[in-house]
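Summary of structural features
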Amino acid sequence: MFEQMSALPIAWLAIIGLAIAMYVVLDGFTLGIGILFPFFKGKEDRDVMMGTASPVWDGNQTWMILAGAGLYGAFPLVYATVLPALYLPLVLMLLALIFRGIAFEFRAKSTRYRHMFDMAFSCGAIIATFAEGIVLGGIIHGLNVDLDQRHFAGGVLDWLTPFSVFTGLALICGYALLGASWMVVKTEGAIQRRAYNFVRPLSLLVLLAMAVVAVWTPIHNVQVFERWSTVPGAVLMVVLAIIAIALCLSIISGISKRKERSIFAKVIGLFLVGLAGLLVSFFPVIIPPYITIFQAASSEKSQFFLIVGYLVIIPLVLGYTVYSYYVFRGKVRAENLSHY
Amino acid sequence: MFGLDAIDLARFQFAFTVSFHIVFPALSIGLASFLVALEALWLKTGRDVYHQLYRFWIRIFAVAFGLGVVTGVVMAYEFGTNWSGFAEKGGDITGVLLTYEVLTAFFMEAGFLGIMLFGEQRVSRSVHFFATFMVALGTLISATWILVSNSWMQTPSGYEVVNGRFLPADWLQVIFNPSFPYRFVHMVMAAYICVAFLVAGVGAYHLLRDRKNEGARTMLSLAMWMAIVAMPIQIVAGDLHGLNTLHHQPAKLAAMEGYWGPEAGKEGDGVPLTLFALPNMAEGKNDFAIEVPHVASLYLTHSWSGQIQGLSEFKDEIPDVPLVFWSFRVMVGLGMLMLLLSMVGALLRWRGRLYDQKLFHRVLMCLSPVGFVALVAGWVTTEAGRQPWVIYGLLKTRDAASYLGAGSLTISLLAFLVVYAVIFSIGIYYMLQLIRKEPTAPLPQGGPGEERHPKRPMSATSESIDG
């Protein structure tokens with residue numbers, strides 16, 4: 001499996017992995033705000049919640065586009081098999097994201113229809129998250145790919161399994177946790193106290209969900225089972241599990257000490273542990289159960305031509321992201337939302 | 001749905017989403033360059049009216065840009081979901097080109113869109129002008145990549161086929177493929193013309209409300225200058241593009257001309273110009289036609305009886321002839337109409353009556369979307385015309401499709417129809433609200449709160465949507 005390894009596909013996995021991680025964390029908390037919307041009914045509360053995300057929201061989504069575009073150019077086989085296999089949840093996700101985005105834009109410009117845009121924003125966020133979770137679960141579960149013909153060979157509803165529904169629900173909890181801990185950082189007073197209340201139950205739920213996925217995956221995937229029952233996979237998984245538990249405990253103890261920023265950082269850490277777990281379990285497989293990054297890679301010429309562009313753009317977008325978070329740093333208060 | 005199979009549904013979905021999408025990039029490309037012109041005029045002359053028009057049109061640009069991004073993302077995903085055969089076989093080339101489009105669009109957005117939209121009170125005038133210029137350049141570079149990709153699919157070159165996949169052999173040949181220069185010029189000019197007639201229509205609308213309005217006069221004047229310069233260029237570019245098509249995609253050209261081939265023993269008649277026809281695919285002839293003999297021979301081959309390949313020579317590998325034939329006529333017809341309008345405008349200006357000819361203003365106002373209709377018709381001609389190929393001569397559309405059932409496609413198509421209907425009603429309604437505002441509104445003063453403006457395109461407008 002490893003003999004035909006070359007550096008380019010691995011570099012591309014790293015680039016796309018970075019883009020996905022950035023997207024999950026950054027758009028995750030924006031989606032989380034939408035998921036938590038129904039629990040914050042007051043107009044002012046919701047204005048503040050929107051206000052925490054509005055200056056940076058657009059940039060957050062660019063990471064998904066960066067990941068998607070990179071996948072198309074560097075691993076066209078992934079694009080050609082995963083997208084048709086997960087057709088319905090992906091379409092659902094796209095439409096929900098569009099809906100959420102438009103609601104986001106127009107909510108600020110309307111008083112008469114504000115409640116409608118509120119609902120569209122919240123529903124869009126919940127549906128998009130659930131669909132993203134299903135996509136994740138569907139991929140982990142494995143796709144029926146015809147390797148000779150290089151296309152998806154399964155049925156329309158293959159993605160609909162108890163496992164994928166579970167990961168869909170789990171991701172809703174996960175993004176809600178991100179959203180709540182982001183609000184803890186960006187708000188103060190009553191609304192911050194309410195956000196704090198969500199952190200403990202949600203972080204326990206997320207830890208539980210990660211444990212369930214960790215047990216469920218090797219049950220139906222022999223390779224993952226083998227990976228985990230041998231060294232170094234087993235050791236790495238134990239280490240990751242310990243880190244996850246430690247992070248979760250530390251998040252919970254941080255609540256009473258009001259450690260705003262470190263809570264958010266640790267929640268991000270929890271997500272990164274999850275992604276690392278996937279990497280440990282599947283690398284170099286990119287479409288479970290069989291297709292590796294080397295089989296899915298586009299030609300060397302294509303990957304090389306493309307990597308030049310990414311080497312220029314990634315630092316730029318990173319810098320831009322950091323800069324906009326720096327410009328809009330600090331707490332968001334209802335009274336200075338005039339810009340919004 | 002309606003007895004359509006999966007390929008028809010996928011094609012319809014793509015046609016639907018891309019037709020909606022194309023309007024917004026065209027608007028962004030044209031408006032961005034228009035904004036550069038306005039800001040340059042303002043910096044050069046110091047006249048407030050140019051600055052006011054800049055502020056007026058930048059809000060519409062922001063909304064168009066936002067909607068263009070949203071609909072563009074849908075397009076990119078459709079390559080994988082609905083056209084996975086294409087993504088897998090052609091992804092090594094088209095995926096890379098599309099990715100470069102995304103990267104350049106980001107480059108522009110990350111670097112300059114924020115300054116352009118929100119930076120006026122914070123950076124010097126020359127820096128701001130530079131940002132506007134870079135955004136306009138960015139829209140053109142984005143268009144370049146997309147047109148490279150599309151042109152490569154129409155006239156592929158610089159590739160090699162390995163295990164059924166199209167791999168890049170020479171990137172320079174891939175990028176500068178035979179039809180790219182023509183397609184690029186034709187599309188960019190089309191975007192400029194679309195915006196010229198939009199601006200002219202909006203200027204005319206405000207002139208009809210207030211004959212003295214300086215902003216409205218300036219808009220109308222600038223737009224008519226643009227139209228009279230751009231229309232002749234576009235017609236020449238279109239003609240050259242047509243000759244390129246004759247050379248590389250003869251079946252498409254024959255469909256555009258509605259020409260099935262010479263009747264037996266009558267080769268000497270040359271190719272007629274078909275003004276009107278009812279093409280009959282089943283029998284391979286036109287049921288009814290109004291023709292001008294020899295004229296098409298003249299403009300296609302520059303000889304009285306020059307021949308081109310007729311549709312009957314391509315057997316089953318021809319596009320839907322009525323669709324191509326008629327969409328081409330819509331494009332050309334509207335092009336002629338726009339040429340006429342711009343000549344009337346020039347004549348009125350020459351006589352000093354550009355600002356008080358009410359009938360002309362009413363016509364311009366009603367015809368303000370005319371450029372966009374011609375643009376979409378042009379794309380229908382070129383895209384439907386290359387059928388049954390998705391990569392011309394190499395990959396058939398049916399082999400490019402995903403293995404999806406008609407059920408999934410029907411569901412997603414209906415969902416797209418509903419969501420697009422909602423989004424575009426809101427978006428276009430909002431744009432119309434912005435267009436109706438007074439173009440010479442007093443300029444806003446920056447206050448202390450300005451510093452923390454968000455950077456999303458649509459927040460460049462603070463107007464309420466409620467009206």
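As a starting point, this report considers the structure included with it. A quick note: this is a predicted structure, and the numbers were derived from the prediction, not measured.

Looking now at unusual backbone geometry. With an omega of 0 degrees, the peptide bond between A:Phe283 and A:Pro284 qualifies as cis. A cis amide bond, omega 5 degrees, links B:Gln387 with the succeeding residue B:Pro388. Of note in this structure, A:Arg258 is not a glycine but carries a positive phi near 55 degrees. Summarising the element assignment, A:Arg258 is placed in the loop between helix H10 (233-256) and helix H11 (260-282). In this model, B:His294 sits at a positive phi of 70 degrees, which is unusual for a non-glycine residue. Note on placement: B:His294 falls in the loop between strand S4 (285-292) and helix H9 (295-301). The buried category is assigned to B:His294, whose relative accessible area is 12%.

We now examine the packing of helix H3 (residues 57-74) of chain A against helix H4 (residues 76-85) of chain A. All names here are of chain A. Where H3 contacts H4, the two axes come as close as 4 Å, and the packing angle between them is 110 degrees. By the criterion of interaxial angle, the relationship of H3 to H4 is roughly perpendicular. Contacts between H3 and H4 involve Gly 68, Leu 71, Tyr 72, Gly 73 and Ala 74 from the first element and Pro 76, Val 78 and Tyr 79 from the second. The residue makeup of the contact of H3 with H4, split by class, is 6 nonpolar, 2 polar and no charged.

Mapping B:Gly164 onto the fold places it in the loop between strand S1 (159-162) and strand S2 (165-168). Distance from B:Gly164 to B:Glu88, taken between C-alpha atoms, is 9.6 Å for residues 76 residues apart in sequence.

Attention shifts here to a nonpolar patch on the surface. All names here are of chain B. Residues Leu 275, Phe 276, Leu 278, Phe 288, Ile 290, Val 292 and Trp 326 make up a contiguous nonpolar surface patch of roughly 590 Å² in combined accessible area. Looking at the nonpolar patch, the elements with two or more residues in it are strand S3 (273-280) and S4. The topology assignment puts Phe 276 in strand S3. Phe 276 gets classed as partly exposed once you look at its relative accessible area, which sits at 32%.

A word on the interface of chain A and chain B. Taken together, the contact between chain A and chain B spans 59 residues of the former and 63 residues of the latter. In total, about 5,800 Å² of surface goes out of reach between chain A and chain B, with carbon and sulfur atoms giving 71% of it. When the area that chain A buries against chain B is broken down by residue, the three leading residues are A:Tyr72, A:Tyr87 and A:Lys109, summing to 13%. At the junction of chain A and chain B, the tally comes to 0 salt bridges. Taken together, the connections running from chain A to chain B amount to 10 residue pairs in polar contact (both at pLDDT 80 or more). Counting only elements with at least two residues in the side of chain A that touches chain B, the list comes to H3, H4, helix H5 (87-107), strand S2 (151-152) and helix H13 (300-327) of chain A. At 12 residues, H13(A) tops the list of elements feeding residues into the side of chain A that touches chain B. Of the residues in the side of chain A that touches chain B, the class split is 39 nonpolar, 13 polar and 7 charged.

Basis of the calculations
- Residues numbered from 1 in each chain as written.
- Chains lettered and ligands numbered in written order.
- Predicted model: local features only at pLDDT ≥ 70, side-chain atom pairs only at ≥ 80, totals over all residues.
- Heavy atoms only, no water.
- Helix = DSSP H or I, 4+ residues; strand = E, 2+ residues; numbered from the N terminus.
- Buried < 20%, exposed > 50% of the residue type's maximum accessible area, 1.4 Å probe, protein only.
- Axes fitted to C-alpha atoms, helices over the stretch in contact; angles between N-to-C directions.
- Parallel < 35°, antiparallel > 145°, perpendicular 65-115°, else oblique.
- Contact = heavy atoms within 4.5 Å.
- Nonpolar A, V, L, I, M, F, W, Y, C, P; charged D, E, K, R; others polar.
- Patch = residues over 30% accessible without salt bridge, like charges linked within 9 Å, V, L, I, M, F, W, Y side chains within 5 Å.
- Areas by Shrake-Rupley, 256 points an atom, 1.4 Å probe, with all protein chains shown as cover.
- Salt bridge = Lys/Arg side-chain N within 4 Å of Asp/Glu carboxyl O.
- Buried area = accessible area lost by both parts, 1.4 Å probe.
- Polar contact = N/O pair within 3.5 Å; in protein donor to acceptor, adjacent residues only side chain to side chain.

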